[in-house]
Amino acid sequence: MSDTLRQDIIFKILKIARDNSDLSSDDLFNQAESATLSMFNQLINPSAESATAGKDDKSRIKRRMKRKDRNQRKEHVGRFFIRLMEKNIKQPGIPDCLIPVFANSVHTTIGEEAYGQISKKVDRLLEFGESKGFDYDKILDSKPGQTIAKEILALYRAEASSASFSKQLKNNLDKTLVKNISSIENGQELNIEDTVNLAFNEFNKYLQAE
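Residues numbered from 1 in each chain as written. Predicted model: local features only at pLDDT ≥ 70, side-chain atom pairs only at ≥ 80, totals over all residues. Heavy atoms only, no water.

Some details on the overall build of the chain
What the chain contains, in helices and strands, is 13 helices and 0 strands. N-terminal to C-terminal, the α/β element order of the chain is α-α-α-α-α-α-α-α-α-α-α-α-α. The proportion of buried residues among the 210 residues of the chain is 38%. The long-range share in the chain, meaning contacts at least 24 apart out of those at least 6 apart in sequence, stands at 76%. Carbon and sulfur atoms provide 51% of the accessible area of the chain, an area that totals close to 12,400 Å². (Helix = DSSP H or I, 4+ residues; strand = E, 2+ residues; numbered from the N terminus. Buried < 20%, exposed > 50% of the residue type's maximum accessible area, 1.4 Å probe, protein only. Contact = heavy atoms within 4.5 Å. Areas by Shrake-Rupley, 256 points an atom, 1.4 Å probe, with all protein chains shown as cover.)

Right under this line is the structure:
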């Protein structure tokens with residue numbers, strides 16, 4: 001039990017760090033501490049476990065998602081979208097903290113109605129994947145997951161041609177980079193304008209590809 005719980009804590013912290021790379025170190029620490037407090041308490045005081053520990057162990061081994069994660073719809077929709085192009089825009093010269101900016105832009109780009117429809121599809125797929133014991137990455141990379149991601153991409157492309165879209169996205173990239181530059185290795189040597197343009201151009205290159 002303790003070995004499994006330690007693994008859960010590690011995976012939880014890694015997941016928080018991966019999904020919130022735009023946050024400062026202090027904010028990441030606070031979020032990770034809050035999210036793992038009850039798990040540490042269980043590790044320190046095993047007797048506090050309930051009679052349902054057996055079921056909890058099984059779900060932990062399968063690394064099934066927690067309900068509060070499923071309810072973060074905006075975050076999930078953005079992840080499905082960015083999964084398609086992540087390898088293309090994660091390259092030297094583009095800090096990881098900029099990747100969530102593209103994911104978070106989905107909501108404002110495709111509009112509330114379309115976003116709501118996609119959210120429902122994502123929720124249903126996550127529920128189904130969880131019931132089968134699939135981890136998050138497996139759900140993202142599944143055929144239904146890729147179908148949803150491509151649907152988001154098509155909606156995004158249709159709305160991303162305006163000059164105001166480019167300006168707003170570049171502004172968000174700039175703000176995020178300025179906020180996180182002190183935590184980026186050799187950040188003092190980065191040219192903010194060049195880095196923002198590189199990230200935007202690589203994203204836009206994939207966005208416009210057939």
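Next comes the rest of the account.
A look at the pattern of salt bridges
As enumerated under the stated definition, the model contains 5 salt bridges in all. Here Glu151 ties to Lys121 by a salt bridge, and the two come within 2.9 Å at their closest N and O atoms. In this pair, Glu151 is assigned in helix α11 (residues 143-159) and Lys121 in helix α9 (residues 112-131), connecting sequence segments 30 residues apart. For Glu151, a relative accessible area of 30% corresponds to the partly exposed category. In this structure Lys121 comes out as partly exposed when scored by relative accessible area, which is 32%. A network of salt bridges, in which partner residues are shared, links Arg83, Asp137 and Asp141. (Salt bridge = Lys/Arg side-chain N within 4 Å of Asp/Glu carboxyl O.)

Regarding the nonpolar core
Counting residues in each nonpolar core, the largest one holds 41 residues, and the members touching the most others are Phe80, Phe81, Tyr156, Leu169 and Phe203. Elements represented by at least two residues in this core include exactly α5 (73-83), α7 (99-104), α8 (106-110), α9, α10 (136-141), α11, α12 (163-180) and α13 (192-208). Considering every element that reaches this core, the biggest residue donor is α9, with 6 residues. In this view, Phe80 contacts Val122, Leu125, Leu126, Tyr136, Ile139, Leu140, Gly145, Ile148, Ala149 and Ile152; residues no more than four positions away in its chain are not counted. (Core = buried A, V, L, I, M, F, W, Y, C linked by side-chain atoms within 4.5 Å.)

Thoughts on the packing of aromatic side chains
For the coordinates displayed, the defined rule picks out 5 aromatic pairs. Ring centres of Phe102 and Phe203 lie 4.3 Å apart, and the angle between their planes is 15 degrees; this geometry places the pair in the stacked category. Here Phe102 is found in helix α7, whereas its partner Phe203 is found in helix α13, with 101 residues between them in sequence. For Phe102, a relative accessible area of 0% gives the class buried. Geometrically, the ring pair formed by Tyr156 and Phe165 is edge-to-face, given 5.6 Å between the ring centres and 85 degrees between the ring planes. Connected via pairs of aromatic rings, a cluster forms that spans Phe81, Phe102, Tyr156, Phe165 and Phe203. Between the NZ or CZ atom of Lys170 and the centre of the ring of Phe200, over which it lies, the distance is 4.9 Å. (Phe/Tyr/Trp six-rings, centres within 6.5 Å; stacked < 30°, edge-to-face > 60°. Lys NZ or Arg CZ within 6 Å of the ring centre and 35° of its normal.)

Examining the packing of α11 against α13
Where α11 meets α13, the closest approach of the two axes is 10 Å, and the angle between their N-to-C directions is 105 degrees. What the angle tells us is that α11 and α13 run roughly perpendicular. Seen from α11, the contacting residues are Leu153, Tyr156 and Arg157; seen from α13, they are Phe203, Tyr206 and Leu207. Considered class by class, the residues forming the contact of α11 with α13 number 5 nonpolar, no polar and 1 charged. (Axes fitted to C-alpha atoms, helices over the stretch in contact; angles between N-to-C directions. Parallel < 35°, antiparallel > 145°, perpendicular 65-115°, else oblique. Nonpolar A, V, L, I, M, F, W, Y, C, P; charged D, E, K, R; others polar.)

Quick look at helix α2 (residues 25-44)
For an α-helix the count is 3.6 residues per turn, leaving residues at separations of three or four pointing the same way. At Thr36, α2 shows its maximal bend, which comes to roughly 50 degrees. For α2, the set of buried residues is Ala32, Ala35, Thr36 and Met39. (Bend = angle between axes of the 7 residues up to and from the residue.)

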